[in-house]
Structures are given as structure tokens and as C-alpha cells.
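The primary structure of each chain is shown beneath.
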Amino acid sequence: MAGTYTKLIYHLIFSTKHREPLISPRLRAELYPYIGGILRDQGGHLLEVGGMPDHLHLLIRIKPDISVSGIVRLVKANSSKWVNERPDQAGRFAWQRGYGAFTVSLSQAPMVSQYVRNQEEHHRKQTFQEEFVEFLNRHEIEFDEQHLWD
């Protein structure tokens, strides 16, 4: 086999620093396409994006030569710089240090896409913190709750 053939799909979750509600509907309308552009520049694709004022969910596809940590670092650094350079930005915008990254099989991508798209409905029943802990548990990721929100 001469080529490399992949379809690497990830569900990424990260919040604003201290889970501050910094993503207004007006900012969201421009931020989501901007993040899509960052991914395209790296040869990736933003399959779905959704979130709340304090966090984002991204369903992405990336090339095999870029790491998940690398793409998260680029998305967070470039998007926070872009937000902070906006003339209408009041106060300092920043993302939390950490993130959650979960692999998604092609067969499950439509279901995850719908979940990401319906964040407002989902968060009528569950906080971001409860949701994130549920993801960690569902994916059998060990964590120390004492340091989870540092």
C-alpha cells in the first residue's frame, strides 16, 4: 500500500478560563467560523461546533501528521488572540489550560454531531462540570476531582 489513508475524528471539549460566560451569541456567530478556518489552515475540518457561554464542543477531523494537543493549542491560541484583538471585546478573553479529547468512530459521528449541535437543550438539565465528569467516566479516563478545575 503506497498511501496513507485515515479518517481521524475527535470530539474536543474545553472551557473559558474559570468557566466565565464570555462567549456571547454575537461573538459565537463569528468565533465558530473562525475556528473552522484555523482547522482548514491545518488541513482539518470542523464537522460540528456547539457550546454555551462558558465552553465549546468541537467535532473535528484532522490529518495524521498533526497531534490532538497541537491542534487544540493552535485553536485556543489563535482564537483567543483574535477575540482579544476585537474592538468590541470588553475584558480579557482566555481559554482554560486543559481540554477533553475523545475519539469518535465514523458510525457514531452523526450522533455526536447532534449532541454537539444541541448544547443549549442539553444544559437545561446538566452543568458543564457534570457533563465533563460524565464524559471522563464514560471513556474510563482516570482523574483527580480535586485538581480537575485548576
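For the structure itself, consult the block above.
The shown structure was predicted, so the numbers you read here are calculated from the model rather than taken from an experiment.

Engineer: Provide a residue-level description of the layout of surface pockets, including the pertinent values.
Structural biologist: In this structure, the second largest pocket encloses a volume near 230 Å³. His11, Phe102, Thr103, Val104, Ser105, Gln108, Met111, Val112, Tyr115, Phe135, Arg138 and His139 together form the lining of the second largest pocket. Among the elements of the structure, β4 (100–103), α3 (109–117) and α5 (128–138) are those that each provide at least two residues to the lining of the second largest pocket. At 3 residues, α3 tops the list of elements feeding residues into the lining of the second largest pocket. Residue composition of the lining of the second largest pocket, by class: 6 nonpolar, 5 polar and 1 charged.

Engineer: Quick one: what's the story with the packing of aromatic side chains, residue by residue and with numbers?
Structural biologist: Using the criterion set out here, one finds 6 aromatic pairs in the structure. Judged by centre distance (4.6 Å) and plane angle (15°), the rings of Tyr34 and Trp82 are stacked. Here Trp82 lies in helix α2 (residues 68–85) and Tyr34 lies in helix α1 (residues 25–41), a separation of 48 residues in the sequence. We classify Tyr34 as partly exposed; its relative accessible area is 29%. Plain terms: the ring middles of Phe93 and Trp95 are 4.9 Å apart, the flat faces sit at 90° to each other, and that makes the pair edge-to-face. Under the relative-accessibility criterion, Phe93 is labelled buried at 1%. Members of the aromatic cluster, each reached through a chain of ring pairs, are Phe14, Phe93 and Trp95. Residue placement shows Lys76 over the ring face of Phe14; its charged tip is 5.4 Å from the ring centre.

About the cut-offs
- Residues numbered from 1 in each chain as written.
- Predicted model: local features only at pLDDT ≥ 70, side-chain atom pairs only at ≥ 80, totals over all residues.
- Heavy atoms only, no water.
- 1 Å grid on protein atoms, 1.4 Å probe; cavity = no way out; pocket = protein on both sides within 12 Å on 5 of 7 lines; lining within 4 Å.
- Points joined across faces, edges and corners; volume = space filled by probe spheres on them.
- Helix = DSSP H or I, 4+ residues; strand = E, 2+ residues; numbered from the N terminus.
- Nonpolar A, V, L, I, M, F, W, Y, C, P; charged D, E, K, R; others polar.
- Phe/Tyr/Trp six-rings, centres within 6.5 Å; stacked < 30°, edge-to-face > 60°.
- Buried < 20%, exposed > 50% of the residue type's maximum accessible area, 1.4 Å probe, protein only.
- Lys NZ or Arg CZ within 6 Å of the ring centre and 35° of its normal.

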